[in-house]
Amino acid sequence: MCGIIGFSGKTDAKSIILDGLKRLEYRGYDSAGIALQKDNTINMVKTTGKVDNLVKIAESNKNLVGNCGIGHTRWATHGVPSDVNAHPHMSSDGKFAIVHNGIIENHAEIKKSLIDKGIKFLSETDTEVIVQLLDYYYDGDIKKTLAKISSMLEGSYALGVLCADFPGSIFAAKVSSPLIIGVGAGENYFASDITAFISHTKNVIDLDDGEFAEITADRVSVFDHNLRDIKKEERKITWDVAAAEKSGYEHFMLKEIMEQPGALKATIEPRIKDGRVSFDELNIDMKKYDRILITACGSAYYAGCVGRDVIEKLCRLHVHTEVASELRYRDPMIDEKTLVMVISQSGETADTIAAIKEAKNKNADVVAIVNVVGSTIAKLADYTIYTWAGPEIAVATTKGYTTQVAVLYMFAVWAAGKLGRIDDKKLKELTNDIKILPERAQRTLDLNTRVKKLADKYYSKQSIFFIGRYLDYAVCLEGSLKLKEISYIHSEAYAAGELKHGTIALIEDGRLVVSVCCYEPLLDKIISNIQQVKARGAQVLALAIEGNKKIFAEADDVLLVPKANELFMAAVEIIPLQLFAYYVAKNNHCDIDKPKNLAKSVTVE
Ligand code: AGP
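Residues numbered from 1 in each chain as written. Predicted model: local features only at pLDDT ≥ 70, side-chain atom pairs only at ≥ 80, totals over all residues. Heavy atoms only, no water.

**Looking at the site of the ligand**
Near the ligand there are 15 residues, and of these Ser 344, Gln 345, Ser 346, Thr 349 and Glu 485 occur at the shortest range. In this structure, an oxygen atom belonging to the ligand sits 2.4 Å away from a side-chain N or O atom of Thr 349. Burial of the ligand by the protein amounts to 91% of the accessible area it has alone, namely 410 Å². Among the elements of the structure, α8 (298–315) and α16 (471–487) are those that each provide at least two residues to the shell around the ligand. Considering only residue class, the shell around the ligand consists of six nonpolar, seven polar and two charged. Counting only domains with at least three residues in the shell around the ligand, you end up with domain 2 (246–435) and domain 3 (443–595). (Near = heavy atom within 4 Å. Polar contact = N/O pair within 3.5 Å; in protein donor to acceptor, adjacent residues only side chain to side chain. Areas by Shrake-Rupley, 256 points an atom, 1.4 Å probe, with all protein chains shown as cover. Helix = DSSP H or I, 4+ residues; strand = E, 2+ residues; numbered from the N terminus. Nonpolar A, V, L, I, M, F, W, Y, C, P; charged D, E, K, R; others polar. Domains from an automatic or database assignment.)

Here it is, written out as structure tokens:
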């Protein structure tokens, strides 16, 4: 969603901030803006559309100069995408400029009270109340004013502020929205995520909720709402700038698909000790729980569906799944005997955060499976298992999903061992079956050229169905989401046995049905579903396991993937479906890394 960057240094801030905004584009946005400060003057430009539009306007603006400034990419929530609603927002006297991520829930009340005091508002945004409050309450002490107005705000915010009275300083504040400080040599940064400044520094400070920072070229000082200094630890980012760049690939999505063998290895290998799965990060007694609830959104939820089936099968424990955006409305039966597992690539998804809060209110232990280190979800959970997939830039998750699935496999085996459901021999066998997944993923990528050809054949379809049974059905959900989010082609995933209960009415001549047939104990069942759709004129693209000869007589086209343990096939079989979505979208000239209306991390409910 929105992205923010702030910079204070000794060089030209314009190019650094504009470059940072380009690196934040992947988060999804509809307008962008920049404000720079020189001495006691702040100038800004902002515009709808791509950062490239902003770059053109900013570069030709001679007044836009300075060694410190703030920038923003906006994903509209309150008010349409327009120049006036774009950030930064500036006070009418030019004293303050601010950028904001998040939502001010009580903005309507604040706005009314300020209007009653004679203040005029220019935009439709919730954000403008912040700059107007700053201007109204400012008494020359910026830190005191920031702390005061923060106590009046309800909701979430990551805030970047320029104040004309403090040349060279940028100010930041945070509650429930990500904000990270980058510490360089003679220059410092803040941003909503590290990718904005990773090419300049890898040393970061995590700002926590309720904290404020004053950042100059040479100093970062963090303080609380009582203006007491807080000593913060620096940490070093382990990944390299190349990980956040395309490295010759046309799209981040393709690069990230190709990175999956390495990402799986990074997730799995450090957690195998003496041939057994081991989780140093989990200090829980599995015998305490009578059920597991897995909750997440989108692809992370679909990874959870795979996890549900595998954990239940191996642990013989009730495992339920619930989309995080719905969980809190159901007054769910959660208590201290429920282990709640949340899954999130970004660690910032608002609905998932709300689900964690619901679970904690009901006294459950929360285990989070997260990719982004130091993210809100990682901090909120009682235990965090990092997927170590490296930065994922494309909006459509690929390596994020497969590494989540791998963690869930490992958790299933680990928990089954702790519960005494499997003996040591079986535990070692299953651990080995997980250990070979990176190699299986690597071999699956060899299908790239063949999948591309199939995408050339099928890309003009108006609607595509995905069918499968049991674990294959869970993979269909993800395969179908991948296709629709980047190619805008209507698609549905169906449990193959459910088709005949209604949806088969939509199967007609030429309809493409992608049939996932990798769970071999149910092969005959899915073949009979294939025959049912073929009898109604469908074209069938089947995904099956190497060595399956039967399938060729049933399907129009077949993709064969390498065999792995039947419980662990999802991490392999999803790969051709990701590639299929990618090439179909490419043939349809879609903006693959930044699909319309979507954002990388969904920080609003
Ligand atoms: C995946 O391709 C989607 N863009 C989306 O469904 C995503 O998985 C979902 O929004 C959850 O995000 P998270 O993993 O960062 O919490």
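Next comes the rest of the write-up.
**Quick notes on the packing of aromatic side chains**
Overall, the coordinates contain 13 aromatic pairs when judged by the stated rule. The structure contains a cluster of three or more aromatic residues connected by ring pairs, namely Phe 7, Tyr 189 and Phe 197. Lys 143 extends its terminal NZ or CZ atom over the ring of Phe 223, reaching a point 4.8 Å from the ring centre. The ring of Tyr 488 carries Lys 596 above its face, with NZ or CZ at 4.3 Å from the centroid. (Phe/Tyr/Trp six-rings, centres within 6.5 Å; stacked < 30°, edge-to-face > 60°. Lys NZ or Arg CZ within 6 Å of the ring centre and 35° of its normal.)

**Focus on the sheet that holds strand β1 (residues 3–8)**
Taken together, eight strands build an open sheet; the order of strands is β3-β2-β4-β1-β10-β9-β11-β15 and the sheet is antiparallel. Each edge of the open sheet is held by one strand with a lone partner, namely β3 (41–48) and β15 (235–236). Here helix α1 (residues 13–23) sits on the sheet and contacts β1, β2 (31–38), β4 (68–74) and β10 (188–191); the angle it forms with β4, its principal contact strand, is near 25 degrees. Sheet strands in contact with helix α2 (residues 51–59) are β2, β3 and β4, and its direction is about 140 degrees off that of β3. (Pairing = 2+ DSSP bridges. Contact = heavy atoms within 4.5 Å. Axes fitted to C-alpha atoms, helices over the stretch in contact; angles between N-to-C directions.)

**Some words on the packing of α8 against α16**
Two numbers describe how α8 lies on α16: the axes approach to 9 Å, and their chain directions differ by 170 degrees. By the criterion of interaxial angle, the relationship of α8 to α16 is roughly antiparallel. Of α16, the residues touching α8 (which contributes Gly 298, Ser 299, Tyr 302, Cys 305, Val 306, Asp 309 and Val 310) are Leu 471, Ala 474, Leu 477, Glu 478, Leu 481 and Lys 482. Grouping the constituent residues of the contact of α8 with α16 by class yields eight nonpolar, two polar and three charged. (Parallel < 35°, antiparallel > 145°, perpendicular 65-115°, else oblique.)

**Description of the environment of Tyr 157**
Mapped onto the elements of the fold, Tyr 157 is located in strand β7 (residues 157–163). By relative accessible area, Tyr 157 is classed as buried at 4%. With 133 residues separating them along the chain, Tyr 157 and Leu 24 place their C-alpha atoms 17 Å apart. Not counting chain neighbours up to four residues away, the residues in contact with Tyr 157 comprise His 100, Asn 101, Ile 104, Ser 150, Ala 173, Lys 174, Val 175 and Ser 177. (Buried < 20%, exposed > 50% of the residue type's maximum accessible area, 1.4 Å probe, protein only.)

**A short note on the nonpolar core**
Counting residues in hydrophobic clusters, the biggest one holds 134 residues, and the most contacted among them are Met 286, Ile 292, Ile 311, Met 341, Tyr 409, Phe 411 and Phe 580. When residues no more than four places from it in sequence are discounted, the contact partners of Ile 311 are Ile 292, Ile 294, Arg 316, Val 319, Met 341, Leu 408, Phe 411 and Ala 412. (Core = buried A, V, L, I, M, F, W, Y, C linked by side-chain atoms within 4.5 Å.)

**Here we look at helix α4 (residues 128–137)**
Of all 10 residues that make up α4, seven are buried, and the element is covered over most of its length. Taken together, the buried positions of α4 are occupied by Glu 128, Val 129, Ile 130, Val 131, Gln 132, Leu 133 and Leu 134.

**What about the environment of Ile 575?**
Turning to its location among the elements, Ile 575 is positioned in helix α18 (residues 570–587). With a relative accessible area of 0%, Ile 575 lands in the buried category. Along the chain, Ile 575 and Lys 120 lie 455 residues apart, while their C-alpha atoms are 54 Å from each other. Ignoring sequence-local partners within four residues, the contact set of Ile 575 consists of Gln 260, Ala 441, Thr 444 and Leu 445.

**Thoughts on the pattern of salt bridges**
According to the stated counting rule, one finds 41 salt bridges in the structure shown. Arg 511 is the salt-bridge partner of Glu 508, the closest N and O atoms lying 3.5 Å from each other. Note on Arg 511: relative accessible area 14%, which makes it buried. By sharing partners, the salt bridges in this structure join Lys 22, Glu 25, Asp 52 and Lys 594 into a single network. (Salt bridge = Lys/Arg side-chain N within 4 Å of Asp/Glu carboxyl O.)

**Quick word on the pairing of strand β9 (residues 180–183)**
Residues Ile 180 and Gly 182 point to one face of β9 and Ile 181 and Val 183 to the other, with burial holding for every one of them. Here β9 runs beside β10; their pairing, made up of four bridges, is antiparallel. The residue bridging Ile 181 from the neighbouring strand is Phe 190, located in β10. Between β9 and β10, which pair antiparallel in sequence order, lie four residues; one of them, Gly 186, sits at a positive phi of approximately 70 degrees. Two strands pair when backbone bridges link them, and β9 and strand β11 (residues 203–206) are joined in this way by three bridges, in the antiparallel orientation.

**Things to note about a positive patch on the surface**
Taken together, the side chains of Lys 287, Lys 313, Arg 316 and Arg 421 make up a positively charged region of the molecular surface. Position of Lys 313 among the secondary structure elements: in helix α8. (Patch = residues over 30% accessible without salt bridge, like charges linked within 9 Å, V, L, I, M, F, W, Y side chains within 5 Å. Lys, Arg positive; Asp, Glu negative; His and termini not counted. Charge placed at Lys NZ, Arg CZ, Asp CG, Glu CD.)

**Digging into the domain arrangement of the chain**
The domain boundaries assigned to the chain delineate domain 1 (3–237), domain 2 (246–435) and domain 3 (443–595). Of note, the centres of domain 2 and domain 3, computed from C-alpha atoms alone, are 25 Å apart. Contacts between domain 2 and domain 3 engage 32 residues on the former and 29 residues on the latter. Between domain 2 and domain 3 the total buried area reaches about 2700 Å² when both faces are included, carbon and sulfur atoms providing 70% of it. Three residues stand out in domain 2 for area buried against domain 3, namely Met 253, Tyr 302 and Tyr 409, and they jointly supply 19% of the buried area on that side. The interface formed by domain 2 and domain 3 includes one salt bridge. One salt bridge connects Lys 586 with Glu 250, and the closest N-O pair in it is separated by 3.2 Å. Of all elements in the fold, only α6 (252–258), α7 (260–268), α8, α12 (399–418) and α13 (424–435) reach the threshold of two or more residues within the side of domain 2 that touches domain 3. (Buried area = accessible area lost by both parts, 1.4 Å probe.)

**Regarding helix α3 (residues 107–116)**
Because the α-helix completes a turn every 3.6 residues, residues three or four places apart line up on one side. Restricting attention to buried positions, one finds in α3 the residues His 107, Ile 110 and Leu 114. Across the axial projection of α3, the buried residues extend over an arc of 65 degrees, all falling on one side. The exposed set on the far side of α3, more than 90 degrees from its buried face, consists of Glu 109, Lys 112 and Asp 116. In the core, the buried residues of α3 are packed alongside α4. Immediately downstream of α3, the backbone of Gly 118 shows phi near 95 degrees, a positive value. (Arc of directions from axis to C-beta.)

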